[in-house]
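# Structural overview
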Amino acid sequence: MMKLKRKQKLLEEEKQFIKKEEEIIKEGEKKLIKDEKELFLECEKKWVFLLLMMSGGFMGAFTYTIRGNVFCNAQTGNMVLMGIALGDANWLEAAYLLIPISAYFIGAIISEILPKKIKKINFLRWDTCLIGFEVLVLIALGFVPESAPFQISQIAINFICSMQYNTFRQAEGVPMATTFCTNHLRQTGVHLIKWVKKKDQKAKERFLIHIFMLGMFIAGAAVGTVLSRLILGKAIWGAAIIMMIIFIGLFRADRTKEKGMLERVPKGH
């Protein structure tokens, strides 16, 4: 009887020990997740990329619905149209398409040169300055008369989208594109299979991240379409509001908790 009681006591103590170990492991995992999140700069946080995706969808809908039926977020379509124009010996059309392509190209070059100069000032990160610049461009586009050539809006949006795409590359370590969806769609399929086949929880997380990004892009396009139909050119201020929210968050981080980390380079650069 005594042996049985002792055995039960030992089993109970073992259960308590295992329970404490599990609690310690869980606390350790929570701390690790927290520490990992703190490793990332504010400009790499998921909330920033979700809003950038929404703004990207908004700008795509804006240029397509009321600014010449073109998508200015990326240049694949323009490259294809240029090839078609060359194949049809339509030299003027092919030359015209060089304008948006060149704007995108120049935007990429500038976004490689300016960060080094901004870093020397040591007041704000390049990422923050870029978002501020985008806000100013979008506000200015809202004042462009409806009678003005569509190319003004197209070139301006091509330019800022190129710089944004080249600047914001990873959301908390996950490679991202903020102005178009092709890679997100591919990554969604890849990680869905990994999650289903291998029960990989990390793959599940990646799958959900890309799904949310796609959802925000579509939501931005839907809102952009409705506003463009209602208030025409001034609809672009909707994208400016989204970008302003990002700017305020990044500005606050630069001047407070990340003030001593302005020279730190975001992951993926």
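In what follows, the accompanying structure is described.

## Examining the overall build of the protein chain
If you tally the helices and strands in the protein chain, you get nine helices and two strands. Residues classed as buried in the protein chain amount to 40% of the 269 residues present. Counting every atom, the protein chain has about 15,800 Å² of accessible surface; 67% of that belongs to carbon and sulfur.

## Regarding the nonpolar core
Side chains that are nonpolar tend, in soluble globular proteins, to be buried together. Met59, Leu138, Leu141, Ile157, Phe168, Ile236 and Ile246 are the most contacted members of the largest nonpolar core, which totals 46 residues. Listed by contribution, the elements that provide at least two residues to this core are α2 (46-66), α4 (91-121), α5 (126-141), α6 (150-167), α8 (201-231) and α9 (237-255). No other element matches the 10 residues that α2 contributes to this core. Residues in contact with Leu138, not counting those within four places in the same chain, are Met59, Ile160, Ile236, Trp237, Ala239, Ala240 and Met243. With five residues, the next largest nonpolar core counts Met82, Ala85, Ala94 and Leu97 among its residues.

## Observations regarding the pattern of salt bridges
By the definition in use, this model includes six salt bridges. The partner of Lys46 in a salt bridge is Glu172, with the nearest N and O atoms 3.8 Å apart. Of this pair, Lys46 sits in helix α2 while Glu172 sits in the loop between β1 (170-171) and β2 (174-175), and the two are 126 residues apart along the sequence. Under the relative-accessibility criterion, Glu172 is labelled buried at 18%. Of the charged contacts in the structure, one is a salt bridge between Glu146 and Arg67, with a shortest N-O distance of 3.2 Å.

## Here we look at the packing of α2 against α8
For the pair α2 and α8, the least separation of the axes is 7 Å and the interaxial angle reads 40°. For the element pair α2 / α8, the angle class is oblique. In this structure, α2 crosses over α8, and the sense of that crossing is right-handed.

## Examining the packing of aromatic side chains
By the definition in use, this model includes eight aromatic pairs. Seen in terms of ring centroids, Phe247 and Phe251 are 5.8 Å apart; in terms of plane orientation they differ by 40°. Their pairing is tilted. Placement of the pair is Phe247 and Phe251 together in helix α9, with a separation of four residues, close to one helical turn. Residue classification places Phe247 among the partly exposed residues on the basis of a relative accessible area of 22%. Among the aromatic side chains, those forming a connected cluster through ring pairs are Phe123, Phe247 and Phe251.

## Points about the packing of α5 against α6
Look at α5 against α6: their axes get within 11 Å of each other, and the N-to-C directions meet at 165°. The angle between α5 and α6 falls in the class roughly antiparallel. Considering how the two elements wind past one another, α5 and α6 form a crossing that is left-handed. Only Ile152, Ser153, Ala156, Ile157, Phe159, Ile160, Met163, Gln164 and Thr167 of α6 make contact with α5, whose side of the interface consists of Trp126, Asp127, Leu130, Phe133, Glu134, Val137, Leu138 and Leu141.

## Side note on the side chain of Glu44
With respect to the secondary-structure elements, Glu44 resides in the loop between α1 (2-38) and α2. It turns out Glu44 is buried and unbridged, and the closest side chain with the opposite charge, Arg264, is 4.6 Å from it. One polar contact links the side chain of Glu44 to the main-chain amide nitrogen of Leu41, over a distance of 2.9 Å.

## Here's the deal with the environment of Leu138
For Leu138, the position within the fold is in helix α5. When the C-alpha atoms of Leu138 and Met243 are compared, they prove to be 9.1 Å apart, with 105 residues separating the residues in sequence.

## Quick look at unusual backbone geometry
A positive phi angle, near 60°, is found at Asn122, a position not held by glycine. Here Asn122 shows up in the loop between α4 and α5. Not every positive phi belongs to a glycine, and Glu172 is a case in point at roughly 50°.

## Examining the state of the cysteines
Put plainly, two cysteines are in a disulfide when a covalent bond ties their sulfur atoms together. A complete count under the given rule lists zero disulfides for this structure. The thiol of Cys72 is unpaired, and the distance to the nearest cysteine sulfur, on Cys161, comes to 7.4 Å. Taking relative accessible area as the criterion, Cys72 reaches 2% and is therefore assigned buried.

Criteria and thresholds
- Here the residue numbers are simple positions, counted from 1 along each chain's written sequence.
- Local features are withheld for residues below a pLDDT of 70 in this predicted model, meaning they are given only at 70 or higher, and side-chain atom pairs are given and counted only at 80 or more; totals for whole chains, interfaces and linings count all residues.
- Here the side-chain values reflect all heavy atoms present in the structure, with hydrogen atoms and water set aside.
- Only DSSP runs of H or I reaching four residues or more are called helices, and only runs of E reaching two or more are called strands; each is numbered from the N terminus.
- Only protein chains enter the accessibility calculation, which uses a 1.4 Å probe; a residue is then buried when its area is under 20% of its type maximum, exposed when over 50%, and partly exposed in between.
- Accessible areas in this description were obtained via Shrake-Rupley with a 1.4 Å probe; residue shielding takes into account the shown protein chains only.
- In this description, a nonpolar core means a group of buried Ala, Val, Leu, Ile, Met, Phe, Trp, Tyr and Cys residues linked to one another through side-chain atoms lying within 4.5 Å.
- Residue contacts are defined here by distance: any two heavy atoms, one from each residue, within 4.5 Å place the two residues in contact.
- One speaks of a salt bridge when a side-chain nitrogen belonging to Lys or Arg is within 4 Å of a carboxyl oxygen belonging to Asp or Glu.
- For helices, the fitted line uses only the C-alpha atoms of the stretch in contact; every axis is such a line through C-alpha atoms, and the angle between N-to-C directions lies from 0 to 180 degrees.
- What sets the label is the angle itself: under 35 degrees gives roughly parallel, over 145 gives roughly antiparallel, 65 to 115 gives roughly perpendicular, and the rest give oblique.
- In this scheme the handedness of a crossing depends on how the near helix is turned from the far one: anticlockwise by less than a right angle means left-handed, clockwise means right-handed.
- What counts as a ring pair is set by centres within 6.5 Å for rings of Phe, Tyr and Trp (its six-membered ring), and what kind of pair is set by the plane angle: stacked under 30 degrees, edge-to-face over 60, tilted for all other angles.
- For the purpose of charge, His is not counted, nor are the chain termini; Lys and Arg are scored as positive and Asp and Glu as negative.
- Two N or O atoms form a polar contact when they lie within 3.5 Å of each other; inside protein one atom must be a possible hydrogen donor and the other a possible acceptor, and for residues adjacent in sequence the pair counts only when both atoms belong to side chains.
- Note that a disulfide, as used here, is simply two cysteine sulfur atoms within 2.5 Å.

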